[in-house]
Amino acid sequence: MRSVDEHRQVVAGLIRPRSPAAVPVADALGLVLARDVVSGVALPAFDNSAMDGYAVLAEDVAAAGADAPVQLPVAEDIPAGRTDIPVLAPGTAHRIMTGAPLPTGATAVVPVEATDAGTDVVTVRAGARPGQHIRRAGEDVTAGTTVLRTGQVLTPAALGLAAALGLTELQVWPRLRVLVVSTGTELVSAGTPLQPGQIYESNGVMLAAAVRDAGAEVVAAPMAGDDVDAFTAAVRGAGDADVILTTGGVSAGAYEVVKDAWTGQVEFVKVAMQPGMPQGAGRVDGTAVITLPGNPVSALVSFEVFVRPALRAAMGRSDTERPRRAAVLAEDLTSPRGKRQFRRGVLDGDSVTSYGPPASHHLRWLASANCLLEIDEDTSEVAAGSRVQVWDLR
Ligand code: AMP
Ligand code: MG
């Protein structure tokens, strides 16, 4: 049997990055920058007002106070977006709004709250320091500054900065394109009545969501019966997928369609883990192929253990793994010796309880679990109160 760590390495070796490419800024959320962003402009681009108020010469209002009002004629009105820059004459004020360009010659902005808000003549009831409430050009970013670095995950704020600099595209590691193929003659899509012996398809829906959650893109999620021709046709719809993920059809029974179609191209192995023993990995016509077992819990746990970290690494992420923590087990547990067990669990503070039976069709429990308990190959019993390692799925 292959160890979990060996199979993780095999899968990681198969899933390779696409070449860096330019994507529109608005589509780059969660992607990883493949090139530093050096600002070509200054931010702010021009001196502007930080307040709604009046642009003045500071010395014109130096003597102003609550009991010593100073009156100035209002010569101009400068809303945000005004594109000509007026000149402020000494002894006058310009009414100005936040973000509007500072008139030439102004040395301070008096907030509207310190005035009577006059539009022809303004009464100022507070003095002003030179430079007060003025945002200077370049005080946030100067031209030539590296503002975002290669390897950085693009957050909403990073995209906002890129947009503020006037960029339309960013150079990133593209999302990998994944085809998710579900196999099983018993499968029916939700919305169609079931015949006896049929079940609703769930792995495709679940794995497509997991692929997107990992930051990759789903090309399509077709379903095929246990028939090699139908399966091959579903895979051919892959187009330019980087990775094909299949579920089902890889265990030891008859009608193992994935094995039948790909033996010789894909290496089918037993991995020493529970759930998820039957696995496969290889290349078919140059495309990376990972074959996951059909039981829903096995399929998703296998995705977590093998596929998610490899997908994220190939998209430039440094946080490829779920956070691991030690937690105190609230009950006694057993685990098969020689296999690494991944129990579904509920983590609450420092304490963890296993959630649901170990068998791999109990999707209901997985759906409300928030962690995986990882119990190593050499352990067959874990007593309540022991510290165990958990993968935090929150
Ligand atoms: P297999 O590995 O194909 O023998 O499938 C193992 C178990 O998982 C069987 O009970 C299947 O019906 C179930 N199964 C396989 N694929 C799916 C799927 N896409 N959705 C729901 N259950 C599935
Ligand atoms: Mg099957």
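Treat the numbers as computed from the prediction; the structure is a model and nothing was measured. (Residues numbered from 1 in each chain as written. Chains lettered and ligands numbered in written order. Predicted model: local features only at pLDDT ≥ 70, side-chain atom pairs only at ≥ 80, totals over all residues. Heavy atoms only, no water.)

(A) Fine view of the overall build of the chain. Looking only at helices and strands, the chain features seven helices and 29 strands. A globule of 394 residues ought to have a C-alpha radius of gyration of about 21 Å, yet the chain, at 31 Å, is considerably larger. Projected onto its principal axes, the C-alpha positions of the chain cover 95 × 50 × 45 Å. Classification of the 394 residues of the chain by burial places 45% in the buried group. Counting only contacts in the chain whose residues sit at least 6 apart along the sequence, the fraction spanning at least 24 positions is 70%. With an accessible surface of roughly 17,900 Å², the chain has 52% of that area assigned to carbon and sulfur atoms. (Helix = DSSP H or I, 4+ residues; strand = E, 2+ residues; numbered from the N terminus. Rg over C-alpha atoms; globule rule 2.2 N^0.38 Å. Buried < 20%, exposed > 50% of the residue type's maximum accessible area, 1.4 Å probe, protein only. Contact = heavy atoms within 4.5 Å. Areas by Shrake-Rupley, 256 points an atom, 1.4 Å probe, with all protein chains shown as cover.)

(B) View of the side chain of R340. Of note, R340 is situated in strand β25 (residues 340-348). When residues no more than four places from it in sequence are discounted, the contact partners of R340 are V4, D5, A272, M273, Q274, E374, I375, D376 and E377.

(C) Expanded view of the side chain of R343. Structurally, R343 is set in strand β25. No salt bridge is formed by the buried R343. Its closest oppositely charged neighbour is E331, at 6.2 Å. For R343, the side chain forms a polar contact with the side chain of Q341, separated by 3.5 Å. Those residues in contact with R343 that sit more than four places away from it in its chain are L333, T334, S354, G356, P358, C371, L372, L373 and I375. (Lys, Arg positive; Asp, Glu negative; His and termini not counted. Salt bridge = Lys/Arg side-chain N within 4 Å of Asp/Glu carboxyl O. Polar contact = N/O pair within 3.5 Å; in protein donor to acceptor, adjacent residues only side chain to side chain.)

(D) Expanded view of the pattern of salt bridges. Applying the stated criterion across every chain yields a total of 19 salt bridges. Where D5 meets R340, a salt bridge forms, and the shortest distance between an N and an O atom there is 3.1 Å. With a gap of 335 residues between them, D5 in helix α1 (residues 4-14) and R340 in strand β25 connect regions that are remote in the sequence. Under the relative-accessibility criterion, R340 is labelled buried at 11%. Put simply, D240 and R177 hold a salt bridge, and the shortest N to O gap is 2.7 Å. Of the two residues, D240 is situated in the loop between α4 (228-236) and β18 (243-247) and R177 in strand β13 (residues 177-183); the sequence distance between them amounts to 63 residues. What emerges from the salt-bridge pattern is a single network uniting D5, R340, E374 and E377.

(E) Representation of the sheet that holds strand β1 (residues 21-24). If you trace the three strands from one edge of the open sheet to the other, you get β1-β12-β2, paired in antiparallel fashion. Either end of the sheet is taken by a strand with one partner, and the two such strands are β1 and β2 (32-33). Sheet topology places β2 next to strand β12 (residues 169-173); two bridges connect them, and they run antiparallel. Looking across to β12, one finds that V32 is bridged to W173. (Pairing = 2+ DSSP bridges.)

(F) The sheet that holds strand β9 (residues 121-124), seen in detail. A sheet is described by the order of its strands in space; here five strands give the open sequence β8-β5-β7-β6-β9, paired in mixed fashion. Lying at the two open borders of the sheet, with one neighbouring strand each, are β8 (108-111) and β9. Here the average twist between neighbouring strands, direction ignored, is 40°. Relative to strand β7 (residues 93-96), strand β5 (residues 53-56) runs antiparallel, the two being bridged by three bridges. (Axes fitted to C-alpha atoms, helices over the stretch in contact; angles between N-to-C directions.)

(G) Representation of the site of ligand 1 within the structure. Taken together, 14 residues lie near ligand 1, and E186, E201, S202, G249 and G294 sit nearest. Between ligand 1 and the protein, one listed contact pairs an oxygen atom with a side-chain N or O atom of E186 at 2.5 Å. At 3.0 Å from a nitrogen atom of ligand 1 is found a main-chain nitrogen or oxygen belonging to S202. Those elements that provide at least two residues to the shell around ligand 1 are β13 and β15 (199-200). Here the shell around ligand 1 is built from residues that sort into three nonpolar, nine polar and two charged. (Near = heavy atom within 4 Å. Nonpolar A, V, L, I, M, F, W, Y, C, P; charged D, E, K, R; others polar.)

(H) A look at the packing of helix α3 (residues 203-213) against helix α6 (residues 296-313). Two elements in contact, α3 and α6, have axes separated by 10 Å at closest approach and are oriented at 25°. When the axes of α3 and α6 are compared, the pair comes out roughly parallel. Our pair here, α3 against α6, has a crossing hand that is right-handed. Residue-level contacts link N203, M206, L207, A210, V211 and D213 of α3 to P296, A299, L300, F303 and R312 of α6. Looking at the contact of α3 with α6 residue by residue, the classes come out as eight nonpolar, one polar and two charged. (Parallel < 35°, antiparallel > 145°, perpendicular 65-115°, else oblique. Left-handed = near helix turned anticlockwise from the far one by under 90°.)

(I) Quick peek at the pairing of strand β29 (residues 387-392). Relative to β29, strand β23 (residues 324-329) runs antiparallel, the two sharing five bridges. Across the sheet, residue A327 finds its bridge partner in β29, namely V388. The sheet contact formed by strand β27 (residues 371-375) and β29 spans four bridges and is antiparallel. From the neighbouring strand, C371 faces β29, where its bridge partner is D392.

(J) Expanded view of the domain arrangement of the chain. Assigned domains within the chain: domain 1 (4-18 + 175-314), domain 2 (21-43 + 139-173), domain 3 (48-135) and domain 4 (324-392). Each of domain 3 and domain 4 was reduced to a C-alpha centroid, and the two centroids are 66 Å apart. (Domains from an automatic or database assignment.)

(K) Looking closely at the nonpolar core. I15, L245, I290, F303, V307 and L311 are the most contacted members of the largest nonpolar core, which has 40 residues in total. Secondary-structure elements contributing two or more residues to this core are α1, β13, α3, β18, β22 (287-292) and α6. With ten residues, α6 is the single largest residue contributor to this core. When residues of this core are sorted by domain, at least three fall in each of domain 1 (4-18 + 175-314) and domain 4 (324-392). Ignoring anything within four residues of it in the chain, the contact list for I290 reads V11, L14, I15, V243, I244, L245, T246, G280, A281 and V307. (Core = buried A, V, L, I, M, F, W, Y, C linked by side-chain atoms within 4.5 Å.)

(L) Spotlight on the environment of E304. Mapped onto the elements, E304 comes out in helix α6. Sequence separation between E304 and L372 is 68 residues; the distance between their C-alpha atoms is 9.5 Å. Look past the residues within four positions of E304 in its chain and what remains in contact with it is P309, R322, L372, W391 and L393.

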